Structure formats: structure tokens, C-alpha cells
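Residues per chain are reported as follows:
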Amino acid sequence: MRNSNSFSSQIFTLLCALLLIPSIHCFYLPGVAPRDFQVGDPLQVKVNKLSSTKTQLPYDYYTLSYCTPPKIMNSAENLGEVLRGDRIENSVYAFKMREEQSCQIGCRKTLDAEAAKNFKEKIDDEYRVNMILDNLPVAVTRQRRDGNQAKVYEHGYRVGFKGKYEGTKDKKYFIYNHLSFKVMYHKDMETDSARIVGFEVTPYSINHEYKEWKDQDTQLVTCTKNMIQGSTVWQEVDTNKEIVFTYDVTFEESAIKWASRWDTYLLMNDDQIHWFSIINSLMIVLFLSGMVAMIMMRTLYRDIANYNQLETQDEAQEETGWKLVHGDVFRPPLNSSLLCVYVGTGVQVFGMTLVTMIFALLGFLSPSNRGGLMTAMVLLWVFMGLFAGYSSARLYKMFKGTEWKKNTLKTAFMFPGILFSVFFVLNALIWGEKSSGAVPFGTMFALVLLWFGISVPLVFVGSYLGFKKPAIEDPIKTNKIPRQIPEQAWYMKSIFSILIGGILPFGAVFIELFFILTSIWLNQFYYIFGFLFIVFVILLITCAEITMVLCYFQLCSEDYHWWWRSYLTAGSSALYLFLYSIFYFFTKLEITKFISGILYFGYMLIGSYAFFVLTGTIGYYACFWFVRKIYSSVKID
């Protein structure tokens, strides 16, 4: 425990130091140190995965017959990068700082049938090549749709395109074999050193011609000194076709400072939609808060005042029905152990989400820290096992459960076990497609080790601490004989009320959900964690309030089975999330492969399940607090 205290004190000191630094705005994206380059310093372009929004299956760059360096070296990748399918390697593209080069030869390749087929498949599936220079991804500039002159980036460049020669009808495949790089730099006037602030590429397809091949010293007829000839023929992809890969590089001084170099990548066209999303969510919250205030202030206070006066039972019964079930309202539910497990897991998900968002707001999980977000989520999930065990055991003891070890094992294995099983099946499908998105065996073993070696023991420690504490006392004693529940109106039946309860929490987040899905499935950067945090807070309030309102109506109709219903009422928003993901799949994505469709729905199922556990737990705790509060306020004979 001493180590964890020292770790938390270090984190606290770090946060205090960050808050006290007056010039904190200088560090726009913490976690990545700037590098200064002098004239002539070597620059090495690294290659990343080939990615496609049509298949969602990333591939290693060298699965295509591109130029290979003498020795391919992998860059060290963190857990998050491996899980994302990133494979960062060295390449033949090398140049020197602020020294322009034109028509440099990478290599010459003759395509066999397999290589040509590979290129054609990747062109069909609209694969893009991703490269990195000084931790900046390569981008292709494009015009904004609204006619604004501001620069907008597309990540990576396409492998090639389909077109046809003049006078022919048949479409052919053409490859982008010449890359025109542009490196933007910001110069320090005093030292003459410079920092890289932009990395753009314009790809061309050129059927290069030469008189005699002399490797790197070959004189290409299709290149002049400074520019490519405009009337060039495109480079076709076919069996036995020879392709010469070339590149040139220009350098341009820029006014953009290093701290702001990611701005163009993170440019959002739709800030107004985000504000609309938040205003929409706030309206829902205000509406619900009004209802809760009305119930609390008018109805409840009047009820409690009446109950606490010396009235006959008949008069009290005429007023309202929630006091009538006081002898049954704290009766443990059916499958109480399972409820404890789900509440404990929900606390774990909530803790992970909250801390991840705080780190993201502080800028530690920026896109420049590739894989940082995924790594943080996995590690935080593991360490939050302590709170899962504690909250599950506290609830289990309140329900007078005795087999706390069995309950702890369920908490430690149930939710992660279901997630890991689905993930394992999806990973096997990706592996079958020979995609770099498949998590290697070593990483899979590391994940299992984190689960069994850290998470499970922490759940047991939390459970032990929770079970040692005295049980939560009910404010009212429970009757020995359960009260009969009267016939309920159709709108008070559990299925209807549960499904109605999920609509408003989903309504509070669905616009932001669109941007999250776009960033995951359409290869965009998501960096508006400020908006996301506000929406997250609104979601918590909405879940809590809708559950309390529906719980009050339920108790008034003399139905005291509120434990599971409170969990399912807020949790049902996950059903709407999954239904929305189906709508998004058919309206926004162009996925055509069967395997890619299974991957999409598999991952969305995992996301919806986690969302169910999170929202359900919020709803449960809100209702738990509400019920204890109202029943402890009335005098019971």
C-alpha cells in the first residue's frame, strides 16, 4: 500500500506543478518533446500501416511490393499502438533538413502476378498509405466543402486509382509511384535551428522512362531538374510491368509554431454542431431536473409531511402508495449476487472513463501520443479492479450474502471474460485475413497477464476491504412476508418503463456519438475531449434523474421491485446506442466485406455492453440514494 501512496502523491505533485506553471499554454500537446534540426541534419521518413475505411483491416506497408530498405526495422510500439494495428517501420525515403532534392530514385520493381493482384485489391478497397516524419503523419491537402480557404488535411495518400486511356472503354489500375513531399519548418532566428511543423505529400502516377539503368544514378527522361513533365503517361499496374519509384522534397518556412503544428490535423468543420449537441443535451437535463425538483419539492415533501402527522392509515393510503411498500422496499432482489457483480463492474468502467477523460483534458492523450488513449484505458481498467471489488462486496454484504469469495470471482471474471471472448473471436477473424490489425500472441499474453496478475488480485483486495466494513443498514425493517403487488397499468409494466428510460440518456449523447464513431471508423482524429467531458457529465445527470423519476412512479404504484429495474432503466440506453450503430453502418460507412461487417458489429457490441454497465450503475446508485433518502424521512410505526 505504501508504494501506491507514493505513486498517488507523485501524480498529485505533478498535477499541482502543471496547474502552477503560468505558461502552460506553450505546451499545447504535452508528452512529446520538440526536436531542433540544423541545416543538413538527416530526416528519416517512417512508414505506418495501410488503412482503408472500406474494409477496416489495416495491413503492413511491406505487404505490397514497395521499395524496401536493406534491413526493415520496427519502431518500438506501445500497447495501444499494437491494439490499433499500427506497424511503424523504416523506409527508403530519406533526406536532409532544408536541402531540396528532385526526382530521387527509390528503387525499380517488376511486378509478378501476385504483387500485381495485391496492388489491384488495395486500389479497389481504397487503401491509403500512412507515413510519419518527426511524429507528424503525412497528409494530402484538399479544399473544404464550404469554400473556405483554410487548409484541410486527409490522412495518408491513396495507393492508386482506376482510370482509362483515351479512346478505350476498359478501366485500368494505376499506382502512385512518385511522391512529392513538402516539409514545413519554423525557424529560430537566433540559433538558425528549425522545428518541423508540417509534412505534406502530393502523389503522382508517372510511367518513368530511362535510357540505361544505373541504380540511383539513372537519368530519367520523364523528370526535368525541378519539376515533373506535365504530359506524362500514368504508371499502370499489371503482371510483368516495371515500376520505378521516385520522390522529391521541398522545404517551406512556416509561421506556424511547433506547439500549434497539430491544429490543421485536428481542424473540426462542425464546431456549431457540437454546441448544438450540448444545448440539446442541456435542454433534456433541464426538463428532467424540473421533473425531479417538482417530485422532490411538491409531492415528496407533502407526502412526508402528511405521513408524519397523526393520520389514519386510510387517509395516508388515499394520498399516495409509496409508503405502503415500506416493509418490502429493501427486500433483496432475485439474483442479488449478479446485481452486485454488475454494479461493481460499472464502478470499474466509470472510474476508468472518468480518469481517462481527465488525462485527455490535460492533454496527455493527444493524437501525437499515438496509442496513448488505448494504453491508458487498458491500464486504468486493470487498476480500477480495486473499486470494483470494494463496491461489489459492500452491496453483497448489505444483501446478507455469505459467499464473498464466489462473488469476488464473478466480479473479477464475468465482464472481462465476456469481452475477452468476443475480442478473441474477432482477433482470430482478423488474423485469418493476414491483417496487421491482429493482436500478436505476445500482446494477447500480456493482456491476460494484466488481467490475472493485477486486476484479479486487486478485485480480491477491494472485496476483502469492502466485506470487512460493517454492512449498510436499511432505514426501515423488512417484513417477513412479501406484500402482494397489485395489477399494474400497461405503461407501468417493467418492459415498457425500462425501454422508455433509455431514450433520454441516449438522446443526450447521440450527436457526440456520431463524431466518436466517425473518428473510429472513418480514420479521423478525435481531440474534442472538452465537449466530450461536458456530454459525459450531462449523461450522468440524465441517467440519475430519469431513473429517480421512474422509480418514484413505480413505488407509487406499489411495485417494490426497483433494484434491477433501476439498473436496466438507465442501462437500456445501450440498446439505442447499438441500434444507432446499425443505422450508422448502413448510412455512413461503405463497408462491403463480410468479415469487416462482423468486426464492426463485434466491436460495437463490446462498446454497447460497456455503456450498458456504466449507465446502469449510475441509474442504480441514483435510485439507491433516492429510495434510502425518502424512506428515512418518514416515521414508521
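Structure: above.
So, here is what we can say about the structure in this document. (Residues numbered from 1 in each chain as written. Predicted model: local features only at pLDDT ≥ 70, side-chain atom pairs only at ≥ 80, totals over all residues. Heavy atoms only, no water.)

For Ala 489, the position within the fold is in the loop between α10 (441-468) and α11 (494-501). We classify Ala 489 as partly exposed; its relative accessible area is 31%. Separated by 68 residues in the primary sequence, Ala 489 and Ser 557 have C-alpha atoms spaced 8.8 Å apart. (Helix = DSSP H or I, 4+ residues; strand = E, 2+ residues; numbered from the N terminus. Buried < 20%, exposed > 50% of the residue type's maximum accessible area, 1.4 Å probe, protein only.)

Bringing unusual backbone geometry into the picture now. Phi at Gln 56 is positive, roughly 60°, even though this residue is not glycine. Its place among the elements puts Gln 56 in the loop between β1 (42-51) and α2 (79-84). Since its relative accessible area comes to 17%, Gln 56 is described here as buried. Here Arg 98, not a glycine, exhibits a phi torsion of approximately 60°, which is positive. Turning to its location among the elements, Arg 98 is positioned in the loop between β2 (89-96) and β3 (101-110).

It is worth spelling out the pattern of salt bridges at this point. For the structure shown, the criterion picks out 21 salt bridges. For Arg 128, the salt bridge goes to Glu 154, with nearest N and O atoms at 2.9 Å. Note that Arg 128 is positioned in strand β4 (residues 128-133) and Glu 154 in strand β7 (residues 152-155), a separation of 26 residues in sequence. By relative accessible area, Arg 128 is classed as buried at 15%. For Arg 565, the salt bridge identified is with Asp 559, shortest N-O distance 2.9 Å. What makes Arg 565 buried here is its relative accessible area of 8%. A relative accessible area of 6% means that Asp 559 is categorised as buried. Taken together, the shared-partner salt bridges in this structure form one network comprising Lys 49, Arg 84 and Asp 86. (Salt bridge = Lys/Arg side-chain N within 4 Å of Asp/Glu carboxyl O.)

With that settled, the discussion passes to the side chain of Asn 427. Mapped onto the elements of the fold, Asn 427 is located in helix α9 (residues 404-432). Using a relative accessible area of 7% as the deciding quantity, one classes Asn 427 as buried. At 2.6 Å, the side chain of Asn 427 forms a polar contact with the backbone nitrogen of Val 439. (Polar contact = N/O pair within 3.5 Å; in protein donor to acceptor, adjacent residues only side chain to side chain.)

For helix α7 (residues 372-383), which comprises 12 residues, the first-to-last C-alpha distance of 16 Å matches the rise-based estimate of 16 Å (1.5 Å per residue) to within 8%. Those residues of α7 that fall on the buried side of the exposure criterion are Gly 372, Thr 375, Ala 376, Val 378, Leu 380, Trp 381 and Val 382. Looking at the buried side of α7, the elements it contacts are α2, α6 (336-361), α8 (385-398), α9 and α10. (Expected span 1.5 Å × (residues − 1). Contact = heavy atoms within 4.5 Å.)

The next point concerns the packing of aromatic side chains. Inspection of every chain in the model, using the stated rule, returns 56 aromatic pairs. Summarising the aromatic geometry, the rings of Tyr 61 and Tyr 66 are spaced 4.6 Å apart at their centres and angled 10° between planes, so their arrangement reads as stacked. For the residue pair Tyr 61 and Tyr 66, the accessibility class agrees, reading buried in each case. Summarising the aromatic geometry, the rings of Phe 359 and Phe 364 are spaced 6.0 Å apart at their centres and angled 75° between planes, so their arrangement reads as edge-to-face. A residue is classified by how much of its surface remains accessible, and Phe 364, at 22% relative accessible area, is partly exposed. (Phe/Tyr/Trp six-rings, centres within 6.5 Å; stacked < 30°, edge-to-face > 60°.)

Our focus in this paragraph is the packing of α6 against helix α13 (residues 529-556). Following both chains from N to C, one finds α6 and α13 inclined at 150°, their axes separated by 9 Å at the closest point. What the angle tells us is that α6 and α13 run roughly antiparallel. The two elements α6 and α13 meet at a crossing, and its hand is left-handed. Taken together, the residues of α13 that come into contact with α6 (itself represented by Phe 350, Thr 353, Leu 354, Met 357, Ala 360 and Leu 361) are Phe 529, Gly 530, Leu 532, Phe 533, Phe 536 and Leu 540. Looking at the contact of α6 with α13 residue by residue, the classes come out as 10 nonpolar, two polar and no charged. (Axes fitted to C-alpha atoms, helices over the stretch in contact; angles between N-to-C directions. Parallel < 35°, antiparallel > 145°, perpendicular 65-115°, else oblique. Left-handed = near helix turned anticlockwise from the far one by under 90°. Nonpolar A, V, L, I, M, F, W, Y, C, P; charged D, E, K, R; others polar.)

In a regular helix each residue adds 1.5 Å, so 12 residues correspond to 16 Å; helix α3 (residues 113-124) covers 16 Å between its end C-alpha atoms and thus fits that length. Within the sequence span of α3, burial applies to Ala 115, Ala 116, Phe 119, Lys 122 and Ile 123. Viewed along the axis of α3, the buried residues span an arc of 130°, placing them on a single side of the element. Turning to α3, the residues buried within the fold contact β9 (160-163) and β10 (172-175). A positive phi of about 55° marks Glu 126, the residue just after α3. (Arc of directions from axis to C-beta.)

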